[in-house]
Structure formats: structure tokens, C-alpha cells
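Structure at a glance
Each chain, letter by letter, is given below.
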Amino acid sequence: MKNRPTTLLLLLPAALLVGLLFVLPILGVLSLSVYGDSGFTLGPIRELVGSRVSLVVLERTFWQALTVSVICVVLGYPAAFFMSGLSTKLRAYLVYLILLPFWISILVRTYTWIIILGREGIINRTLAAFGFSPVQILYTDLAVRIAMVQILLPIVVLTCLASMLDIDKGLVKTARSLGATPTQAFVKVFLPLSLSGAATGGIICFILCLGFYVTPALLGGRRSILISNLIDIQVHQSLNWGFAAALATALLIITLACLALFRLLTRGRTEFSSLGVGR
Amino acid sequence: MRAVLAVYFTVLVLFLILPLIFLVPISLTESQFLEFPPQTLSLRWYSAFFDDPTWINAALLSFRVGIGATFISLTVGTLAAIALVRAEFFGKTALTAIFIAPLILPTVILALALYIVFLRFRLVDNVLALTAAHSVVAIPYVVMLVSGSLRRFDITLERAARVLGASPIKAFMLVTLPYLVPSMFAASILAFFASFDELIITLFVSGGAQTLPVRIWNDLGLKIDPTVPAVAVMLTLLSVSGMGIGELIRRRNERRYNTITSAEV
């Protein structure tokens, strides 16, 4: 299709919709963080850097995202490894199984954890039945972390799996025929080749963690709120728009930085896959 | 080693589907309160949902907004996908990234941004504006699925139609479009549920209007009665069956049109 007007006409509706309701509004948020009623101002940014609350919440968001991503990779990698060794047909069914929770609303999935972890919840009543004292998990960072891992794990498993399936199986066989033990073949050949896929999954997970709102709001206490919740509070309770915009800008910049890292990793990945090494 | 991994994998899957394991029995309780396992089974809380006009209205609003957002995102997204696959132009990568971006960027940023715009143009509590906002969240699915399917399409079929005398538009409409229909169907199911599940943007811009997720959200703050599990089970049944049907249709179509491999061999 070399017809310019047709191309333009095809793109116009979507570009208009996304331009008016995505790009321009976000640019508006960016400008709101540096423009006040009286023109250019560094007020909101200064407020952001000077505010203890926002620094604490930013730090907490970072740590929650990091721990959740690491846990997801550590739990997800062996699962993906198991799936990579199965027949194509069986693997396809297991992919559906892994994706099943993905089709349940996040709100619902989070809500279930209230039932499981709550004071009168399933875990505590089971503990009580055996004579143990109840544990406080709901409304702590731990509850938020458990639920986030459960929500994000399918993504990490499938990303790891995709990179494992890219690996040329002949490489492992070659290592074995050259005298490596199964463990050596795994550690020296398979693991390094699949590591970039695991890292990719971890970064996607990290990026998605940064934006979590429902889970910390429902399962966390007052002291487990993440940056999304803080933005919400600034808008709906403190009515401090400039500050909310500065927080959103910070969140946007961090997300974009992670995406840049992600692109760097995925670009490097092709040379490790079967296409690069195998030929 | 294999056995250990298999056991581990089973435990992991159980952890993943834990919500379903508990949700279904809890929603079937007879009691006033959440209990697991339920003493007596009943559909009491399912009928409670249908007897409460606020739940019904929330569900109806969600359907209205969801269907509208699906229609908008499917139309504009499919047109854009055609241009993105078939045409070469400056800034194509950047434009693709922007269409996909709503899926990746933290939703709260978009929610805040839209809230500011909606306040300025008095669009808060406007169902049409909410529908348009939801269609932005749904577009990534349409662009990804339809452009993916179009890329797999064997273009020689369309060329054959052209050689046999069809105009470019006619060739596209009669040959390529039928091939795209199943992926458009799958995309519209994903788009619908992207809207149907959307909470954060709706909380920011809907004013007082309650979609189903907002109604659930508001209910969670007040009391915990078993209506929410009942709604959750119904929602899950709806989305799992919808996506299942979409996937089945997509796979059947891929098999029918599997011409590329045979052409290349």
C-alpha cells in the first residue's frame, strides 16, 4: 500500500482518539507539575523532593516492586523449565491453565485474599482449630506482596517459557555428548541462554508492579500504600493537584526508564537465541 | 527430578487458581456472613444480586460502556492495524508504541490526566466520555491481535483477487477481511473485558456513576457480605467463557487459512 492519503485516513481515527484522550492529557499532567497559576514553577517538584511521605512511598514502591519481581522470577523459572520439557500439546493446555487466573478480574482476585488472610479468614481459623494464635497478615506489606505475586506470576512464567523455547535444543545435547553431566549442561549452557528471558520477565513484572493500585488499597494497611494510592489521596483528599502531577510525572519517568532497559535487554536477546547461536 | 518439578508445578498452579477454589463455595453459602466451607448451600446471594437495583444498574452501565468501548476500539483499532502492517511511513514504530502504551503505563497516570481534562471540559459523569476513555484502554488489544493476524495472512490470496480483476478495496473486503474476522472477534472480547474490568479511570472520572467494578469497590468499604463473591463468580464465568469462545474461533480460523506454510514448502 503506497497510497499516502489512504494510510492517513486509516490512522486518523485511532490517532485522534489516542491523541486526545491519552497523549495530550498526559502531556497536561507533565506540564501541571512545572506550571502553576503564575507560570513556570518548580514548586511541585520541590514539594516532591522535600516531602518525607512521598520519598517514603517511592522507596516502598521500589522495594515492593523489586521483591515481588525477584520472587516471581525465582518461583516462575522452575515452572517454565518444567513446561519447556513437555510435549507441545500438553504444554499448550498448561499455558491455558496458567492463564486462567488472568481472566479473573484483579479486583476479584485481590478480594479473595481478604477472605483467606483476614482476621476471621481461612488461614486464621485453620490455625485456631489446631490451637495456634491468629497471625496478622492482612493489612501488612506481606499480604500486598503475596497478592501481587499471585497476579503477576503468570506473566513471568510465560516470558521465561518463551525464551526457553527459543533455545536450540541441540546445544544442550552437544554439551552432553561432549561429556557434561546433566547438571553441568544445565548450568553452563541452558541457564545462561535462558537468563535474559528471565530478566525480561522480571522487568515487565517490575514495571507492572509500579502501577499497582487495587491490591495495596484493599490488602495493605495505612502504611503499605504505593505511589498510585498516594496520587489518588493527593487528588481526592488533599486536593493538591500540582503535587499529584509531580508524583505522576516521577512515576512516568521511572516507568519509561525501565522500558528503555527492557528494550536494551530484548535487543540483546536475539543473539543468544537459536537464530543467532545455532547458525 | 522430573517428578519434583511436576509436584512443584502443581502446587504453583493451585496457588494461582486459589481464588476460584475458595470463591465458588463461599458464594453458595446460606449464611449472612462469609464462611468457608459453607454449612448449607443456597443461591441466596445470587438472587440478592438480581433483587438489588444498584447492582443491576451497575451491571447495565458496565455493559453499555463495555459494548460502546468495544465498538469504538475495534473500529479505529482495526483501521490503524491495517495501516501499521501494510504501509511504510515515518514514525511507524513510535505510533505503534503509543497505541500499545495504555496497556503498560500505570493506569493511575492516565486516570489523573483524564480527570484533569474531563473537569475542564465538564465531561465528568458523562457516559459517552467514559466510554471513549475506556476505548483508549481497549485499543492495545485490538491493534496487537489484528495486526498480528494480518501479518500472518498470506498476501498472495489478495493479489490473486486483484489479478482476477477485483479493485483494491473489493479484494480486501472479500478476501482479507473474512480472514481477519475471528481475530477481530477475539480482540473485541479482550477489549470488552478491558473496559468491563476497568476500575481506576472510572473511579476518577465517572463522578457518582457506578460501573460493576466501582460498585464492588464501594461495597468492600462498607460491609463484607457474600454478594460480592456471587458477583465475582458470575463475572469470572462470563469472562472465561467469552475468552474461551474467542480462542476456539481464532484457532479454527488459523487452521482453515493455514496457507503460508504450504505455500512456502
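Here the structure is a predicted model, which is why all the values come from computation and not from measurement.

Parameters and conventions
Residues numbered from 1 in each chain as written. Chains lettered and ligands numbered in written order. Predicted model: local features only at pLDDT ≥ 70, side-chain atom pairs only at ≥ 80, totals over all residues. Heavy atoms only, no water. Helix = DSSP H or I, 4+ residues; strand = E, 2+ residues; numbered from the N terminus. Buried < 20%, exposed > 50% of the residue type's maximum accessible area, 1.4 Å probe, protein only. Contact = heavy atoms within 4.5 Å. Areas by Shrake-Rupley, 256 points an atom, 1.4 Å probe, with all protein chains shown as cover. Lys, Arg positive; Asp, Glu negative; His and termini not counted. Charge placed at Lys NZ, Arg CZ, Asp CG, Glu CD. 1 Å grid on protein atoms, 1.4 Å probe; cavity = no way out; pocket = protein on both sides within 12 Å on 5 of 7 lines; lining within 4 Å. Points joined across faces, edges and corners; volume = space filled by probe spheres on them. Nonpolar A, V, L, I, M, F, W, Y, C, P; charged D, E, K, R; others polar. pLDDT = per-residue confidence, 0-100. Phe/Tyr/Trp six-rings, centres within 6.5 Å; stacked < 30°, edge-to-face > 60°. Lys NZ or Arg CZ within 6 Å of the ring centre and 35° of its normal. Salt bridge = Lys/Arg side-chain N within 4 Å of Asp/Glu carboxyl O. Polar contact = N/O pair within 3.5 Å; in protein donor to acceptor, adjacent residues only side chain to side chain. Core = buried A, V, L, I, M, F, W, Y, C linked by side-chain atoms within 4.5 Å. Expected span 1.5 Å × (residues − 1). Axes fitted to C-alpha atoms, helices over the stretch in contact; angles between N-to-C directions. Parallel < 35°, antiparallel > 145°, perpendicular 65-115°, else oblique.

Some points on the overall build of chain B
Within chain B one finds 13 helices and 0 strands. Once the C-alpha set of chain B is aligned to its principal axes, its extents read approximately 70 × 60 × 35 Å. The buried share of chain B, taken over its 265 residues, is 51%. The long-range fraction of contacts in chain B, counting pairs at least 24 apart against all pairs at least 6 apart in sequence, stands at 71%.

Focus: the overall build of chain A
Per the secondary structure count, chain A includes 13 helices and 2 strands. Across the 279 residues of chain A, 48% fall into the buried class. For chain A, restricting intrachain contacts to residue pairs at least 6 apart in sequence, the fraction spanning at least 24 positions comes to 71%. Surface accessibility of chain A: about 13,600 Å² in total, with carbon and sulfur atoms responsible for 69%. Positive and negative side-chain charges of chain A, numbering 21 and 9 respectively, have mean locations separated by a distance of 11 Å.

Some points on empty space enclosed by the protein
Enumeration over the complete set of coordinates arrives at 2 cavities of 30 Å³ or more. Here the second largest cavity is characterised by a volume of approximately 40 Å³. Residue lining of the second largest cavity: A:Trp103, A:Ile104, A:Ser105, B:Phe193, B:Phe196, B:Asp197, B:Leu235, B:Thr236 and B:Ser239, and that is the complete set. Within the residue set of the lining of the second largest cavity, elements represented by two or more residues are helix 9 (168-196) and helix 12 (227-256) of chain B. The biggest single contributor to the lining of the second largest cavity is helix 12 of chain B, with 3 residues. Taken together, the residues of the lining of the second largest cavity break down into 5 nonpolar, 3 polar and 1 charged.

What about the confidence of the model for chain A?
Parts of the model with low pLDDT should not have their predicted coordinates read in detail. Residue and element names in this part refer to chain A. When pLDDT is averaged along chain A, the result is 87, and 95% of the positions lie at 70 or above. Mean pLDDT values for the elements of chain A range from 37 in helix 13 (residues 274-277) up to 95 in helix 3 (residues 52-84). The low-confidence segment residues 270-279 (pLDDT under 50) makes 13 contacts with residues lying over four places distant or belonging to another chain.

A closer look at the packing of aromatic side chains
Under the definition given, this model contains 18 aromatic pairs over all chains. Ring centres of A:Phe81 and A:Phe186 lie 5.1 Å apart, and the angle between their planes is 70°; on these two criteria the pair is classed as edge-to-face. With A:Phe81 in helix 3 and A:Phe186 in helix 9 (residues 182-210), the pair connects residues that are 105 residues apart, well separated along the chain. Using a relative accessible area of 26% as the deciding quantity, one classes A:Phe81 as partly exposed. Here B:Tyr115 and B:Phe204 contribute two aromatic rings whose centre-to-centre distance is 6.0 Å and whose plane-to-plane angle is 85°, an arrangement assigned as edge-to-face. Of this pair, B:Tyr115 sits in helix 6 (residues 107-120) while B:Phe204 sits in helix 10 (residues 200-205), and the two are 89 residues apart along the sequence. Across this residue pair, the class does not change: B:Tyr115 and B:Phe204 are buried. Counting every residue linked through ring pairs, the aromatic cluster contains B:Phe63, B:Phe192, B:Phe193 and B:Phe196. The ring centre of B:Trp55 lies 4.3 Å from the NZ or CZ of B:Arg215, which sits over that ring.

Focus on the pattern of salt bridges
Residue and element names in this part refer to chain B. Evaluated as defined, the whole model comprises 4 salt bridges over all chains. With a shortest N-O distance of 3.6 Å, Asp52 and Arg215 are connected by a salt bridge. Taken together, the residues span a long stretch of sequence, with Asp52 in the loop between helix 3 (44-51) and helix 4 (53-86) and Arg215 in helix 11 (residues 212-222) at a distance of 163 residues. Among the residues examined, Arg215 registers a relative accessible area of 10% and is labelled buried. It is possible to trace a salt-bridge network through shared partners that takes in Asp52, Arg215 and Asp219.

Some points on the interface of chain B and chain A
Counting from both sides, the interface comprises 77 residues of chain B and, opposite them, 73 residues of chain A. There are 0 salt bridges connecting chain B and chain A. Run the count over chain B and chain A and you get 4 residue pairs in polar contact (both at pLDDT 80 or more). The class makeup of the residues in the side of chain B that touches chain A is 65 nonpolar, 4 polar and 8 charged.

Section: the nonpolar core
In globular proteins that are soluble, nonpolar side chains generally tend to be buried together. If you look at the biggest cluster of nonpolar residues, it comprises 171 residues, and the most contacted ones within it are A:Ile231, B:Phe99, B:Leu112, B:Phe204 and B:Leu212. In terms of residues, this core owes the most to one element, helix 7 (residues 141-166) of chain A, which gives 14 residues. Excluding residues within four positions of it along the chain, A:Ile231 makes contact with A:Ala244, A:Leu247, A:Ala248, A:Leu251, B:Val108 and B:Leu112.

Some remarks on the environment of A:Phe206
Residue and element names in this part refer to chain A. With respect to the helices, strands and loops of the structure, Phe206 is situated in helix 9. With relative accessibility at 11%, the residue Phe206 sits in the buried group. Between the alpha carbons of Phe206 and Cys258 there is a distance of 8.2 Å; along the sequence they are 52 residues apart. Once residues lying within four places of it in the same chain are set aside, the contact partners of Phe206 are Phe62, Ala65, Leu66, Ser69 and Cys258.

Some thoughts on helix 5 (residues 106-117) of chain A
Taking 1.5 Å per residue as the helical rise, helix 5 of chain A with its 12 residues ought to reach 16 Å, and the 17 Å between its terminal C-alpha atoms agrees with that figure. The N-capping residue of helix 5 of chain A, defined by a side-chain oxygen 3.1 Å from the backbone nitrogen of A:Leu107, is A:Ser105.

Some words on the environment of B:Thr54
All names here are of chain B. Within the secondary structure layout, Thr54 lies in helix 4. In the structure, Thr54 is positioned 65 residues away from Leu119 in sequence and 26 Å away in space, judged by C-alpha atoms. In terms of polar contacts, Thr54 uses its side chain to reach the side chain of Asp52, at 2.7 Å.

Here's the deal with the packing of helix 1 (residues 4-32) of chain A against helix 6 of chain B
It is the contact of helix 1 of chain A with helix 6 of chain B, at a shortest axis distance of 8 Å, that shows an interaxial angle of 90°. Relative to helix 6 of chain B, the element helix 1 of chain A is oriented roughly perpendicular. Each of A:Leu21, A:Phe22, A:Pro25, A:Ile26, A:Val29 and A:Leu32 in helix 1 of chain A lies in contact with helix 6 of chain B, whose residues at this interface are B:Ile109, B:Leu110, B:Leu112, B:Ala113, B:Leu114, B:Ile116, B:Val117 and B:Phe118. Looking at the contact of helix 1 of chain A with helix 6 of chain B residue by residue, the classes come out as 14 nonpolar, no polar and no charged.

Looking at unusual backbone geometry
Positioned with a positive phi, A:Tyr139 is a non-glycine residue whose angle comes to about 65°. Residue class for A:Tyr139 comes out partly exposed when judged on its relative accessible area of 46%. Backbone geometry places B:Arg122, a non-glycine residue, at a positive phi of 50°. Mapping B:Arg122 onto the fold places it in the loop between helix 6 and helix 7 (127-152). Since its relative accessible area comes to 75%, B:Arg122 is described here as exposed.

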